[in-house]
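These are the residues of each chain, in order.
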Amino acid sequence: MSMTLPRYLAAAVFSLSMASAGVARAAPHPCAQDAVAQALKLLKFHVDGDTRAEVDDDVKVLHPFKNPANPKQKFDVLEVWGSVYKGQYRMHLIYAQMPGQCVLMGQEILEHASL
């Protein structure tokens, strides 16, 4: 008994593997480095200047959303994780979609904890 995939299934598997490879090589967001720097400032502010504050270099691009003041405009959301001692923090840095500029429009921080 042969264990080969039907032609249509093999093509689908190939297409999915190529698509996931393309995602892995996607260019970083132009404001990724700025988001890391801003996240560190936000975290230090949040923890009253604790010198143990650190942020990851990994930046996750989340789904953009419409500007509440002008629905024709969108904001990009970049997620950065940080830590202070044993505490972990998730930060969202919100940037205006302006080519060639990193205009920070908002930020949020949330301690990742189970209460």
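Residues numbered from 1 in each chain as written. Predicted model: local features only at pLDDT ≥ 70, side-chain atom pairs only at ≥ 80, totals over all residues. Heavy atoms only, no water.

Visitor: Got a minute to help me understand the packing of aromatic side chains in this structure?
Guide: Counted under the stated rule, the structure contains one aromatic pair. With centroids separated by 5.6 Å and ring planes inclined at 80 degrees, the aromatic side chains of Phe 65 and Phe 75 adopt a geometry described as edge-to-face. One end of the pair, Phe 65, is in strand β2 (residues 60–67); the other, Phe 75, is in strand β3 (residues 70–84), and 10 residues separate them in sequence. Given the relative accessible area of 33%, Phe 65 is considered partly exposed. (Phe/Tyr/Trp six-rings, centres within 6.5 Å; stacked < 30°, edge-to-face > 60°. Helix = DSSP H or I, 4+ residues; strand = E, 2+ residues; numbered from the N terminus. Buried < 20%, exposed > 50% of the residue type's maximum accessible area, 1.4 Å probe, protein only.)

Visitor: Would you mind showing me how to read a negative patch on the surface here?
Guide: A surface patch of like charges, here negative, comprises Glu 54, Asp 56, Asp 57 and Asp 58. Within the secondary structure layout, Asp 56 lies in the loop between β1 (54–55) and β2. Given a relative accessible area of 41%, Asp 56 falls into the partly exposed group. (Patch = residues over 30% accessible without salt bridge, like charges linked within 9 Å, V, L, I, M, F, W, Y side chains within 5 Å. Areas by Shrake-Rupley, 256 points an atom, 1.4 Å probe, with all protein chains shown as cover. Salt bridge = Lys/Arg side-chain N within 4 Å of Asp/Glu carboxyl O. Lys, Arg positive; Asp, Glu negative; His and termini not counted. Charge placed at Lys NZ, Arg CZ, Asp CG, Glu CD.)

Visitor: What is the right way to read the pattern of salt bridges from this model?
Guide: Note that side chains of opposite charge can pair when their charged atoms are close. Within this structure, the stated rule accounts for two salt bridges. Of the charged contacts in the structure, one is a salt bridge between Arg 52 and Asp 50, with a shortest N-O distance of 2.8 Å. Residue Arg 52 is classed as partly exposed on the basis of its relative accessible area of 44%. We classify Asp 50 as buried; its relative accessible area is 19%. The partner of Arg 90 in a salt bridge is Glu 108, with the nearest N and O atoms 3.8 Å apart. One end of the pair, Arg 90, is in strand β4 (residues 87–96); the other, Glu 108, is in strand β5 (residues 104–111), and 18 residues separate them in sequence.

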